[in-house]
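Given next are the chains, with one letter for each unit.
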Amino acid sequence: MTDLEALADFLSATAALDRLALMCLDGQGTCKKFAVWTKMDGTREIPVSQMPASLFSRLSQLGRESDPAQEWVEEAVRLAYAGPAEEMHTLALPVIHMGRRLGLAFFTKDGAAKGWTDQEREMLATITMAMGISFSNRDREEENRVQELVFNSMLDCMSASVYVTDAKTDRILFMNQSMKRDFGIENPKGKICWQVLQKGMAGRCEFCPVEELVQSGKENPSCIWEEQNTVTGRIYENYDTLIRWLDGSLVHLQQSVDITASRKLTREARIDELTEFLNRRAGKLALSEALARAKMEEVCVSVALYDVNLLKEVNDTYGHSEGDRMLTLISDGVRRALSPGEFAFRLSGDEFVVVFYGLSKQAAVQRMAAIQERLRKIREEKNVPYALSFCYGLVEVLGEEFVTVKEVLTQADEKMYEQKRRFHIELAQKQPQRPGKQRRADKEVFDYDKDRLYHALEHSTDDYIYICNMKTGTFRYPKAMVEEFGLPGEVVENAAAVWGAKVHEHDKQAFLESNQEITDERTDTHCVEYRAVNQKGEWVWLRCRGHLERDEAGEPTLFAGIISKLGKRNRIDPMTGLYNKYAFEDQVEECIHSQETRKLGIMVLGMDDFRRVNDLYDRSFGDEVLHATAQKIQALLPNGAVLYRLDGDEFGVLLPNGGRKGLESIYQAVSKSFSHQQKLSGNKYYSTLSAGCVRYPEDARTYLDLLKYAGYSLEASKAAGRGRVTFFSEEILSSKEKDLELIELLRESVENRFAGFRLYYQPQVAARDGHVTGAEALARWQCEKYGQVPPAVFIPLLEQSGLILPVGRWILQKAVRQCKEWTRIDPDFVMSVNLSYVQIAEDDFLPFLESTLKEERLDPKNLVVELTETYLARESGTLKQLFDQIRALGVRIAMDDFGTGYSSLEILKNSPADIVKIDKTFIRDIRTSRFDATFIRFVVELCHDVDIRVCLEGVETPEEYQTVGQMGLDTIQGYLFGKPQPEETFEEKFFSE
């Protein structure tokens, strides 16, 4: 209001102005000041309290209404000028700026003068506009002063460091007290930030985010980053953003929190103190993140798990401090070989993991070899008295694979152990017994835990008893064994080398590996059969069994067991009472080398679907079935033929001087006897027998070839439908060789990102009207060498080779992704995917299924997984729990090929299936077979009673569809509605509209 008189003087010179009054409003529209000027009295301010609130309320509306409310203006004039309003000409104009009402101006002439002309009114309107600008600037300045006071006070109370700089010049506009104190700066305002907050900088810091924030184009860009400051040496977590400053300019604000202590604690919690690698927990987390990133970026990761050699020996010989030095030297050698993005972590005491991101297996092997070479040089440079070495296992994970950390480490550990076992075997063979020391070892000084001896012997028999002190590695053998095999004494050091030298060359690998597994604590039990040479130079078959005892701390303390000589009694299979596979081999070898044998017929019998018997009942009953089967077959054999128990559910028949007719006659008798359901111990089961036959000398002249070709022939019988006999031929050998070749080609396809694989889709339609409701995803494989390979050929090969696991995951991911696309067209579309038992038996199958659905954002209700009737009928608690978990996700389960397995409607009672798919065999004769029609109707009715949907497979003709259309089926699948077809064909045919 101090400029009111100056304004009045200006207006008096240009217009006949006698009086001037100004009312200033605050942000809520309330009068905060009211001042007047008159020619006679000059300027004075009227207290707001002397004026009626109703008057201000009404006056504040001026400028918002068309009616100027002249009576309220007159009232204000009377109060302001202390005179009658009728004698004055007053013009009231609102003071406005950018739509905001800032006040009201009253321009008055005395009554003797004329009223306001249009020209004067226009001039005064311009004056009030200028007044609005002036009022606004003064309000802003006052507001800025208040804001600055509040802003400074607030930030000065913060413990975090805060400063503000000009985004263009880097000059400091503000710094709070906390930051001034930490950086030792008293008056930072106006100084360049990088000159006072960093050391040795000639310009803006390279890591400064200001430029990036400005160029982002966002309204309020921000970023968070870490910095180790060169002035304080502390680590800060910085939060940077751009804001509007008090004057409206764009400025850079940084808030810094000192995280030095927390980072130290975090490092200590994540870093192994001795090796400075990541510790177990942090390393496994980092590996998990690397695998996830690799899958997203579709790059490979190679993971090496290495185990330091002879750490225990170094600790025992030189002390634990030297053992720590050994680990430190090896870790330093590994660390220097790592490239950016690669890391290592300590998995356990002497086990470490190295992760090569984006590196193939072959390249990783080269890197590990380079590390080992580096360690050899370190040993030479530092004159280390022991080897700096390790054994390792390497696993390559391809970008598209879904694998868990546990799975990767388990695979790497298995591969590492293969190398470690060879290392220990070679080491033992290089350390023969020292005769001088052996003479000093005596049975009187042999020490072992006698209290645990009896318990160990309970796990053995009573032939040659041996005992090993696991603390010293010293063995004690009985006197009789020492005399028979010419051992150096009853107490023997380094028995692996001493006794191993007497083991037959063909059996030595199995003997050494079995012993090494005990030494490495991979198992607590031991059982191996081999030949050893006695003092007479004779090869004696032995069976060695043993058991490992541990002390209270869980450390190995005693290993004891028996070595039995295998006479004729031990050539008998204990389960069936038949001669075993060793007797079978000996007899074949004897016949081959006998001049009396002109020819020999060999038959290998295999029980069909024997696993089903075990699954339906239990293994104990399965053993009873094997025993009963052996007795029945033996009773059917002609004179001269001998039956043997081979591996698993297989039996061997030898027919000396027998040919094809004799073998065919034997099989016919056996096949007929097992062609119907069997009953044993009150339980019913059904298992036919298939057979493969070879003849000596027509087909082969060695035992190994004869056994191999008989096995190939048995496989051919089972592949052709089971319950039949196949004689070996060159075609079978060619087929087997082709299968082996196809397996390798399949493996190449899998390793080459599933090259040649693709999915076809067969429509599933509603039974009532034939409209498409879903599809079944079916794998197809195009091989460069053989072209399109039928699923009936490559699917069994995938299962046989274990490749079904990666291929199955690929199929599920592709099918789910495609289903997501089609649900955008039809939200109720359902995709069915076949699963094998091998897949669902994997520990991480459920997490993989769940993550796949989440990644593709597919509603689980749109997915059905199909399993054969055989798997769903298994009475397994583990399987039932898995099926419950699958259904808990919202994914439905379909029982495929119903009616071809157990053929028992009882399995529907407790079946986990949501859908039953009746096998296509029941549609072939549907128009003439009353049984097939009745079976379908009955299954549909029974399933619907327990809320199970029914799909019929194999409908190929309109007549078949017409016949089954009234049976109450839910869905139908068959060539009538569409053959399996690529996604583009399927989409064009069923979604083109």
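Residues numbered from 1 in each chain as written. Predicted model: local features only at pLDDT ≥ 70, side-chain atom pairs only at ≥ 80, totals over all residues. Heavy atoms only, no water.

- Per an unreviewed UniProt entry, the protein goes by the name EAL domain-containing protein and belongs to Solibaculum intestinale.

**A word on the pattern of salt bridges**
Step number 1: As enumerated under the stated definition, the model contains 40 salt bridges in all.
Step number 2: Residues Asp-316 and Lys-312 are paired through a salt bridge, measuring 3.0 Å at the closest nitrogen-oxygen approach. Placement of the pair is Asp-316 and Lys-312 together in helix α10 (residues 311-318), with a separation of four residues, close to one helical turn.
Step number 3: The shortest N-O distance in the salt bridge between Asp-705 and Lys-708 comes to 3.9 Å. In this pair, Asp-705 and Lys-708 are both assigned in helix α23 (residues 703-719), three residues apart and thus about one turn of the helix distant.
Step number 4: Owing to a relative accessible area of 26%, Asp-705 belongs among the partly exposed residues under this scheme.
Step number 5: Members of the salt-bridge network, linked through shared partners, are Glu-776, Glu-866, Lys-917 and Glu-953. (Salt bridge = Lys/Arg side-chain N within 4 Å of Asp/Glu carboxyl O. Helix = DSSP H or I, 4+ residues; strand = E, 2+ residues; numbered from the N terminus. Buried < 20%, exposed > 50% of the residue type's maximum accessible area, 1.4 Å probe, protein only.)

**Some words on unusual backbone geometry**
Step number 1: Of note, the amide linkage connecting Tyr-696 to Pro-697 takes the cis form, showing an omega dihedral of 5°.
Step number 2: Here Pro-697 lies in the loop between β26 (689-696) and α23.
Step number 3: For Asn-383, which is not glycine, the phi torsion reads 55° and is therefore positive.
Step number 4: With relative accessibility at 67%, the residue Asn-383 sits in the exposed group.
Step number 5: For Ser-681, which is not glycine, the phi dihedral falls at a positive 50°.

**Remarks on the nonpolar core**
Step number 1: Core analysis: the largest hydrophobic core is formed by 77 residues, its most contacted members being Met-831 and Ile-886.
Step number 2: A total of nine residues in this core trace back to one element, the largest contributor, which is helix α26 (residues 804-823).
Step number 3: Beyond its immediate chain neighbours, meaning those up to four positions away, Ile-886 contacts Phe-845, Leu-846, Leu-849, Val-865, Val-891 and Ile-893.
Step number 4: Judged by nonpolar contacts, the second largest core, of 29 residues, contains Met-326, Ala-364, Leu-375 and Tyr-392. (Core = buried A, V, L, I, M, F, W, Y, C linked by side-chain atoms within 4.5 Å. Contact = heavy atoms within 4.5 Å.)

**Things to note about the sheet that holds strand β14 (residues 390-397)**
Step number 1: Within the open sheet, the four strands sit side by side as β12-β13-β11-β14. Their pairing is antiparallel. The open sheet has two edge strands, β12 (343-346) and β14, and neither has a second partner. Each adjacent strand pair in this sheet contributes to an overall mean axis angle of 20°, direction not counted.
Step number 2: Two strands pair when backbone bridges link them, and strand β11 (residues 301-308) and β14 are joined in this way by eight bridges, in the antiparallel orientation. Across the sheet, Asp-307 pairs through a bridge with Cys-391, a residue of β14.
Step number 3: Sheet strands in contact with helix α13 (residues 405-429) are β11, β13 (351-357) and β14, and its direction is about 145° off that of β14. (Pairing = 2+ DSSP bridges. Axes fitted to C-alpha atoms, helices over the stretch in contact; angles between N-to-C directions.)

**What about the environment of Glu-219?**
Step number 1: The residue Glu-219 is located in the loop between α7 (210-215) and β8 (222-228) in this model.
Step number 2: For the pair Glu-219 and Leu-242, spaced 23 residues apart in the sequence, the C-alpha separation amounts to 8.3 Å.

**Digging into empty space enclosed by the protein**
Step number 1: Under the defined criterion, the tally for this structure stands at two cavities of 30 Å³ or more.
Step number 2: By volume, the largest cavity amounts to about 220 Å³.
Step number 3: Lining the largest cavity are 23 residues, with Tyr-163, Leu-197, Gln-198, Glu-227 and Gln-254 positioned closest to its centre.
Step number 4: Among the secondary structure elements, those contributing two or more residues to the lining of the largest cavity are β6 (161-166), α5 (177-183), α6 (193-196), β8, β9 (235-244) and β10 (250-258).
Step number 5: Counted by class, the lining of the largest cavity contains twelve nonpolar, seven polar and four charged residues.
Step number 6: One number sums up the size of the second largest cavity: a volume of about 70 Å³. (1 Å grid on protein atoms, 1.4 Å probe; cavity = no way out; pocket = protein on both sides within 12 Å on 5 of 7 lines; lining within 4 Å. Points joined across faces, edges and corners; volume = space filled by probe spheres on them. Nonpolar A, V, L, I, M, F, W, Y, C, P; charged D, E, K, R; others polar.)

**Observations concerning the packing of helix α19 (residues 581-593) against α23**
Step number 1: One way to put it is that α19 packs onto α23 with a least axis distance of 10 Å and a crossing angle of 120°. The angle between α19 and α23 falls in the class oblique. The way α19 lies across α23 gives a crossing that is right-handed. Of α23, the residues touching α19 (which contributes Lys-581, Phe-584, Glu-585, Val-588, Glu-589 and Ile-592) are Tyr-703, Leu-706 and Leu-707.
Step number 2: Residues belonging to the contact of α19 with α23 are distributed by class as follows: six nonpolar, no polar and three charged. (Parallel < 35°, antiparallel > 145°, perpendicular 65-115°, else oblique. Left-handed = near helix turned anticlockwise from the far one by under 90°.)

**Re the sheet that holds strand β2 (residues 31-38)**
Step number 1: Here five strands make up an open sheet; going across it, the order is β3-β2-β1-β5-β4 and the pairing antiparallel. For this open sheet the edge positions go to β3 (42-45) and β4 (88-97), each flanked by a neighbour on one side alone. Geometrically, the sheet is characterised by an average inter-axis angle of 15° between neighbouring strands, direction not taken into account.
Step number 2: Note: β4 against strand β5 (residues 100-110), ten bridges, orientation antiparallel. For Val-95, the partnering residue across the bridge sits in β5 and is Gly-103.

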